[in-house]
Each structure stands twice: as C-alpha cells, then as structure tokens.
Amino acid sequence: MATFKDQLKLIKSEGYLRERDRISLTSSSHIKIQDRLVTSFSSNDYLGMSTNKDIISALKKSASEYGIGSGSSPLISGYTESHHYLEKEICEYLNTESCIIVNSGYMANLCLLSIFDKEVNVIQDKESHNSIVESSKLNKIKIHRYPHLDDSQIIKHISKDNDILFSEAVFSMTGDITDLKNHLTIKKKFKTKLYIDDAHGFAVAEKSGDNTSIETSCGIFGMKPSDADAYMGTFGKAVGTIGAFICGNKDLVEMIVQKGRPYIYSTSLPRCMIDATRKSLNILAVDKSRYIKLHENITYFNNSCKRKKIPVNLNQVPIKTVLLGNPHLTLKVKETFLKENILIQAIRYPTVPKNNDKIRITLTATHTKKDIDNLLNTLENVICEKHT
Ligand SMILES: Cc1ncc(COP(=O)(O)O)c(C=O)c1O
C-alpha cells in the first residue's frame, strides 16, 4: 500500500487536495480570512440566523442556567425538557405526529436506516448526499441508484412492498429539485416508503400550497411533510444552529429510540443549543422578513444570470453552481474570486463525480444587491475567459 505521503502527493497532483480556509466570522455573508474582509457566498446559513442577537441571548441564558454540556447520550441523562419541547414544537410547526432530535443531519440519515435488521432495498438518486449513501451501507441494506433526476428509472428497482425511496429534496451540490410529487405518486402506487432529506429546503423552500408555519420542500408541490414516512430537516443551515430532526409517525420515532445506534450511543446536543434552536424556529415561524429577502436575492440573481446568459440553474433555491469540469481550473477560478475579495467554493471529486468539478455559490438573506452585483461581474468575466 502506498504511504500516506505518496497518497497525498497523488491527490495534490490530480487537483483534488482539500484545504480548509481559516475563517473568522462577522456575519454569514461578510467574513475574515486571515485578516482580509471578504464577501462570502459559501455559507448555508441562508437566513443569517447564526448571528441573530435574540438567539444568542437565548443560548447565553440557557447556558448560564444549565451549563454548556449535556453530559451523556439521550437514553442516559442527556434528554432534557428542552429537547422534549423542541420535538413537540416541530410537530406543531409541521403538522406531524412525532419528531425526534438528532445531533446532525448526517446522523439523522444514519439513524433512519440503522433501524432495519432485515434485508431492505433503498432506492436513491446517484447524486445523493454522502450521508444518504453511507446510511444505505448499514446492516443488510441493498442500495439501488438511478441516474440523476431520472425518475423513469425508479420503478425498475422496486421489487417488493416497503422498499424505501430516499429522496434528497434540494440537491446540495447542484441546487436541483426532486419532483417530490412524483415520488409520492410512486410511493402510493407501489407501496414503497418515502424518506425525504430536506436539509436545504427546510425554512427556505419557496412557499406555495403548504399550510405549515415553517417552509418545506413539500410545500413546493402542495404536499405536507406527513405525506412522507420520514421527513428530515437540519438546524445547521437555515436555522443557524446545529443538529437535525426526523418527523414521522410514533412507531418510527420509537424505533429510532430503540435501535438508532447513532442516536443511542452519542452524547446529545447541549440544552443551550436546543434552546437557541427553539428561539430560531420561533422567530422563523412568525417573522418572514429574512425569508422574503432571501427570495428577493435569489430572484435578482436569477434574472441577472438570464440577462447576462450565465449558465446556472434558475431554480428558486439559494444554491447556484457553474460546471467547469476540471479540478485545477475550479481551484484557479476560486482564487480569481478571492482576488476580488469574494469567497465561493471549489467543489471537486469525490464530492461530485469526476469531470463534474464546479464552483458553488450560496445566496443568503444578508447579501446586499451590491454584493450580488460584484459576484455577477466576476462570474461574467470568468465565464467569458472560459470560452475564449
Ligand atoms: C442533503 C444533505 N443531507 C444531510 C446533510 C448533513 O447535515 P449536517 O450538516 O447537519 O450533518 C447535508 C449537509 O451538508 C446535506 O447537504
């Protein structure tokens, strides 16, 4: 086996070396990288909640009353009254029967599939998030993957009742949207289970017929989270804190308590963080100003891209990507943006398939029109250069 040094050398020469930008934060969109102020289009803190003063006060108050650590896993003594009330409140916001709080979205997906000890088929899009892929390798699960967004291929993989269709509502690396209505039709027709990962849609998705007080991707299709057998959302993105939740019926939640190993065997989120999340959701359910601003920014960006013929997806989502198809070029483009004091992300293999290297831009409610104009100018120059 090649030494680590040799492996790292190879990764670097292929353009796939991952490096961490050391960041100090002033807001979700304006940050410092090594003492340099830059505009960030790299955060999933879509509504700017991570720096909200009321949420920080709620966290401080709770920390001074209850401390900053939970001390143990939820089945020992890490499940507090606040965890219980957050679960109840989420059920009320989303009209679901039951809910369970988990430490992260990654763990939520692992929990969802760790509760099966008999053979089960899981069907998923080939570009699903790594947490969906890895959760499908647990126990005796058989994983079936269909080409990106090609729903016509799903039926081919269904072999028995209770196969699980595990759908990422908004794709984290493309901003593509899954046709959840079609997935619900498949669920009903073929008696599959439908699990929805709404990490990038919860509290963000465009509102339509949904009557929940916090937005979900189900609402785009006139559906409800309870139409799915499991609906998962995260707190580390639009909610601005950390953690995740799973909604479903009482039996599903009870099974996670009994058999969800990532839930049972990990120290639970501290109460102060749960209280911060409760405060954030409480704000998001009634004050739609940030949500409206985010959607104004998305519309402004989309209309400008249409006018300037910049090739990005025009979905009403904050995730925008430009395909470059080469890791070295993608890193170079990231550097070009940095010279203009703009941080965007270079997304390369293995996060995306080989030759699908791309830049990823995330819009937030805290960006100004001027921020977006500066971004668009640089983007236009980069696209021009790519074609000359
Ligand atoms: C689609 C999707 N699911 C799950 C996760 C994991 O969520 P968390 O960051 O809370 O672990 C992410 C995070 O990027 C994601 O994009």
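Residues numbered from 1 in each chain as written. Predicted model: local features only at pLDDT ≥ 70, side-chain atom pairs only at ≥ 80, totals over all residues. Heavy atoms only, no water.

1. Quick look at the overall build of the protein chain
- A count of helices and strands for the protein chain gives 14 helices and 14 strands.
- On C-alpha atoms alone, the protein chain measures out to a radius of gyration of 21 Å, which is about the 21 Å that the 2.2 N^0.38 rule sets for 388 residues.
- Its C-alpha atoms give the protein chain principal-axis dimensions of about 60 × 55 × 50 Å.
- Counting every position in the protein chain, which comprises 388 residues, the buried fraction comes to 53%.
- When contacts within the protein chain are restricted to residue pairs at least 6 apart in sequence, those whose partners lie at least 24 apart make up 69%.
- Surface exposure of the protein chain reaches about 18100 Å², of which carbon and sulfur atoms provide 52%. (Helix = DSSP H or I, 4+ residues; strand = E, 2+ residues; numbered from the N terminus. Rg over C-alpha atoms; globule rule 2.2 N^0.38 Å. Buried < 20%, exposed > 50% of the residue type's maximum accessible area, 1.4 Å probe, protein only. Contact = heavy atoms within 4.5 Å. Areas by Shrake-Rupley, 256 points an atom, 1.4 Å probe, with all protein chains shown as cover.)

2. A few points about the site of the ligand
- As a matter of local geometry, the ligand sits amid 13 residues, with Gly105, Tyr106, Asp197, His200 and Lys237 nearest to it.
- Between the ligand and Tyr106 there is a distance of 2.9 Å, counted from an oxygen atom to a backbone nitrogen or oxygen.
- His200 is positioned with one of its side-chain polar atoms (N or O) 2.7 Å from an oxygen atom of the ligand.
- Here the ligand, which alone exposes 390 Å², has 82% of that area covered by the protein.
- Elements supplying a minimum of two residues to the shell around the ligand: helix H5 (105-114) and strand S9 (230-234).
- Residue classes in the shell around the ligand are distributed as three nonpolar, seven polar and three charged. (Near = heavy atom within 4 Å. Polar contact = N/O pair within 3.5 Å; in protein donor to acceptor, adjacent residues only side chain to side chain. Nonpolar A, V, L, I, M, F, W, Y, C, P; charged D, E, K, R; others polar.)

3. Describing the pattern of salt bridges
- If you walk through the whole model with that rule in mind, you get 14 salt bridges.
- Of the charged contacts in the structure, one is a salt bridge between Lys224 and Asp227, with a shortest N-O distance of 3.7 Å. (Salt bridge = Lys/Arg side-chain N within 4 Å of Asp/Glu carboxyl O.)

4. Details of the packing of helix H2 (residues 53-66) against helix H11 (residues 271-286)
- One way to put it is that H2 packs onto H11 with a least axis distance of 8 Å and a crossing angle of 150 degrees. With respect to H11, the axis of H2 lies roughly antiparallel. Where H2 crosses over H11, the handedness of that crossing is right-handed. Note on element contacts: H11 touches H2 through Arg271, Cys272, Met273, Asp275, Ala276, Lys279, Ser280 and Ile283, opposite Asp54, Ile55, Ala58, Leu59, Ser62, Ala63 and Tyr66. (Axes fitted to C-alpha atoms, helices over the stretch in contact; angles between N-to-C directions. Parallel < 35°, antiparallel > 145°, perpendicular 65-115°, else oblique. Left-handed = near helix turned anticlockwise from the far one by under 90°.)

5. Here we look at the environment of Met273
- Looking at the secondary structure, you find Met273 in helix H11.
- For Met273, a relative accessible area of 22% puts it in the partly exposed group.
- It is 38 Å that separates the C-alpha atoms of Met273 and Thr378, two residues lying 105 residues apart in sequence.
- Beyond its immediate stretch of four places on either side in the chain, Met273 contacts Leu59, Thr241 and Ile242.

6. Re the domain arrangement of the protein chain
- Here the protein chain is partitioned into domain 1 (13-42 + 288-386) and domain 2 (53-286).
- The straight-line distance from the C-alpha centre of domain 1 to that of domain 2 is 27 Å.
- Opposite the 18 residues of domain 1 that make contact, domain 2 presents 22 residues.
- Between domain 1 and domain 2 the total buried area reaches about 1400 Å² when both faces are included, carbon and sulfur atoms providing 57% of it.
- When the area that domain 1 buries against domain 2 is broken down by residue, the three leading residues are Lys288, Tyr291 and Ile319, summing to 39%.
- In this assembly, domain 1 and domain 2 are joined by one salt bridge.
- Residue Glu215 is joined to Lys288 by a salt bridge in which the shortest nitrogen-to-oxygen separation is 2.8 Å.
- Scanning the region where domain 1 abuts domain 2 turns up nine residue pairs in polar contact (both at pLDDT 80 or more).
- Elements with a minimum of two residues in the side of domain 1 that touches domain 2: helix H12 (289-308), strand S11 (319-323) and strand S14 (358-362).
- In terms of residues, the side of domain 1 that touches domain 2 owes the most to one element, H12, which gives four residues. (Domains from an automatic or database assignment. Buried area = accessible area lost by both parts, 1.4 Å probe.)

7. Description of the side chain of Thr378
- Along the chain, the position of Thr378 falls in helix H14 (residues 369-386).
- Only 3.1 Å separates the side chain of Thr378 from the backbone oxygen of Asn374, close enough to count as a polar contact.
- Contacts of Thr378, omitting those with residues within four sequence positions, involve Phe337, Glu340 and Ile342.

8. Section: empty space enclosed by the protein
- Tallied over the entire structure, the rule returns two cavities of 30 Å³ or more.
- Pro74, Ile101, Asn103, Tyr263 and Ser268 are, among the 13 residues lining the largest cavity, the residues nearest its centre.
- Going through the elements one at a time, helix H4 (81-94), strand S4 (98-102) and helix H10 (261-264) are the ones with two or more residues in the lining of the largest cavity.
- For the lining of the largest cavity, the class distribution of residues is eight nonpolar, four polar and one charged.
- In this model, the second largest cavity occupies a volume close to 40 Å³.
- Forming the walls of the second largest cavity are Val170, His200, Gly201, Val204, Ala205, Glu206, Ile220, Gln316, Val317 and Pro318.
- Per-class residue counts for the lining of the second largest cavity are six nonpolar, three polar and one charged.
- Per-domain counts for the lining of the second largest cavity show at least three residues from each of domain 1 (13-42 + 288-386) and domain 2 (53-286). (1 Å grid on protein atoms, 1.4 Å probe; cavity = no way out; pocket = protein on both sides within 12 Å on 5 of 7 lines; lining within 4 Å. Points joined across faces, edges and corners; volume = space filled by probe spheres on them.)

9. Regarding the packing of H4 against H11
- Orientation of H4 relative to H11, taken along the N-to-C sense of each, is 20 degrees, at an axis distance of 9 Å. Taken together, the axes of H4 and H11 lie roughly parallel to each other. Once H4 is placed against H11, the crossing between them reads as left-handed. The residues of H11 that touch H4, namely those facing Glu81, Ser82, His83, Tyr85, Leu86, Glu89, Ile90 and Tyr93, are Arg271, Ile274, Asp275, Thr277, Arg278, Leu281, Asn282 and Ala285.
- A per-class count over the contact of H4 with H11 returns seven nonpolar, four polar and five charged.

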